[in-house]
Amino acid sequence: MRILVQKFGGTSLSDAQSRAHAIHHIQHALIEHYALVVVVSAMGRRGDPYATDTLLDLIRHNSNAIPAREKDMLLGCGEIISAAVLCSELNHLSIPAVVLTGGQAGIRTDGRFGNAHIESIQPTRILNQLSLGKVVIVTGFQGQSEDQDVTTLGRGGSDTSATALGAALKAEYVDIFTDVNGIFTADPRLVADAQAIVSVTYAEICNMAYQGAKVIHPRAVEIAMEANIPIRVRSTFTQDLGTLVASPDSLRTLNMPLRDRYVTGIAHVPSLTQIRVAAQEGQYDLQLSVFKAMAQRQISVDFINVNPSGVMYTVFDSEAARAVDTLNQMGYHPTIQQGCVKVSVIGGGMNGVPGIMAHIIEALTEEDIQILQSADSNTTIWVLVGQADMVKAVLALHQKFQLHKTI
């Protein structure tokens, strides 16, 4: 069987008109003689009746007084409703379809409710249904623990479900359908002339996803990369093939256009607080005590700079008060700057190329944007700027590296 996995996000299933577009893609794949697995998210977004955030709102007035196990049972309902409705519509069109929950599809996870990790996939039941000529609809975002409890995979979990199933089934492609036509050189809501990227490597899109691009979850990309399963990020509402994500060798084999640029895209993460903690003379355990305390309070840290004079890092604005309170209780006197944005310049071709950082500084200096902090890796350079400078910074860097020009 030539197997194709299609994943449809919440906006692709939110109403009958949107689902009609999704069904058109399903019909087209069947015409091309694919055996088809369709992974679905819950319908719509907060405010829509069966969206995940709407289900969460049902228990917020009780101060979330619900055990983690039962909370996962609640959160799994949205995908089940979505899958059953889509199944009904396909059968009405004489397209035989069957619904499997994550557990029924063979997705086995650990027992970490709310953020479970997939341990194995046993797709026997999927393959049996495919051999009967049925479209197999699988509820995304969920699996089953060893104790047969429903578990959820965390935010972006439906993407993870799709690529994990694609890997287990040795699918030809995994198509991630969303409401935008592929991956862009920057957020098109901020940059009017952002360009759609025809093809990109796993490493580049994984970095873009981790640095704020929200089209696909980075954990899903990592799974696809390990199995070497190509991903196509596509719009539900057009027939375009969107952005192909694959290894460099696969892109060359498929004769995909190579981007003759050092930089692939600009991503950003807003609403950060920068924290600085100075070390006293002769104090060598500062770094250990600070980051151990953050870990114990389950406060996620990022953008870390460590040197003999102290430490500097960021947390989300929503976690800043807890972080500062923790440091104060330890006898430290942190300096903080709230309302920061991490802007990332990402490109697989810039490793070892001189002048990239000079271009970044030049672009931001020309716009009178102060750089609060910087760091780099072999494919990414990060700068921290003030929230008020976010749009100017993204636009300036997008222009400096000529990402507005189509290749």
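Calculation criteria
Residues numbered from 1 in each chain as written. Predicted model: local features only at pLDDT ≥ 70, side-chain atom pairs only at ≥ 80, totals over all residues. Heavy atoms only, no water. Pairing = 2+ DSSP bridges. Helix = DSSP H or I, 4+ residues; strand = E, 2+ residues; numbered from the N terminus. Axes fitted to C-alpha atoms, helices over the stretch in contact; angles between N-to-C directions. Contact = heavy atoms within 4.5 Å. Buried < 20%, exposed > 50% of the residue type's maximum accessible area, 1.4 Å probe, protein only. Arc of directions from axis to C-beta. Phe/Tyr/Trp six-rings, centres within 6.5 Å; stacked < 30°, edge-to-face > 60°. Lys NZ or Arg CZ within 6 Å of the ring centre and 35° of its normal. Disulfide = S-S within 2.5 Å. Core = buried A, V, L, I, M, F, W, Y, C linked by side-chain atoms within 4.5 Å.

(A) Representation of the sheet that holds strand E17 (residues 310–316). The 6 strands lie next to each other as E16-E17-E15-E18-E20-E19, forming an open sheet whose pairing is antiparallel. Sheet topology places strand E16 (302–307) and strand E19 (373–376) at the edges, where each strand pairs with a single neighbour. If you compare each strand with its neighbour and ignore which way they point, the axes differ by 30° on average. In this sheet, strand E20 (residues 380–386) lies alongside strand E18 (residues 335–346) in antiparallel orientation, the contact comprising 7 bridges. Residue Val341 lies in a different strand from E20, and its bridge partner there is Val385. Each of strand E15 (265–278), E17 and E18 is contacted by helix H11 (residues 317–329), which is oriented at about 140° to E17, the strand it contacts most.

(B) Expanded view of helix H3 (residues 68–75). For H3, the complete set of buried residues consists of Asp72, Leu74 and Leu75. The buried side chains of H3 occupy one side of the element, clustering within an arc of 155° when seen end-on. The inward-facing, buried residues of H3 abut helix H2 (52–60), helix H4 (77–92) and strand E8 (150–152).

(C) Focus on the packing of aromatic side chains. Enumeration over the complete set of coordinates arrives at 2 aromatic pairs. For the pair Phe8 and Phe177, a centre-to-centre distance of 4.8 Å together with 10° between the ring planes defines the contact as stacked. Linking Phe8 in strand E1 (residues 3–8) with Phe177 in strand E9 (residues 173–178), this pair joins segments that are 169 residues apart in sequence. Note that Arg232 overlies the ring of Tyr173, its terminal NZ or CZ placed 4.0 Å from the centroid.

(D) Structural context of the state of the cysteines. A full pass over the atoms with the stated rule returns 0 disulfides. The cysteine Cys87 is free of any disulfide, with Cys77 supplying the nearest cysteine sulfur at 18 Å.

(E) Region of the structure containing the sheet that holds strand E14 (residues 243–246). Ordered by their spatial adjacency, 8 strands build an open sheet running E3-E6-E2-E1-E9-E13-E14-E12, and the pairing between neighbours is mixed. At either margin of the open sheet sits one strand with a lone partner, and together these are strand E3 (97–100) and strand E12 (199–201). Adjacent strand axes in the sheet meet at a mean angle of 20° when their direction is disregarded. As judged from the 5 bridges shared by E9 and strand E13 (residues 231–235), these two strands associate in the parallel manner. Note that in E13 the partner of Ile176 across the bridge is Val233. In this fold helix H7 (residues 202–210) packs onto E12 and E14, with an angle of close to 85° to the strand it touches most, E12.

(F) Layout of the nonpolar core. Counting residues in hydrophobic clusters, the biggest one holds 63 residues, and the most contacted among them are Val38, Leu90, Ile126, Val135, Ile137 and Leu165. Here this core takes 6 residues from strand E2 (residues 35–40), the largest share from any one element. Residues in contact with Leu165, not counting those within four places in the same chain, are Val5, Val37, Val39, Ile107, Ile121, Ile126 and Val138. Of all hydrophobic cores here, the second largest spans 24 residues; its members include Val191, Val263, Leu364 and Met390.

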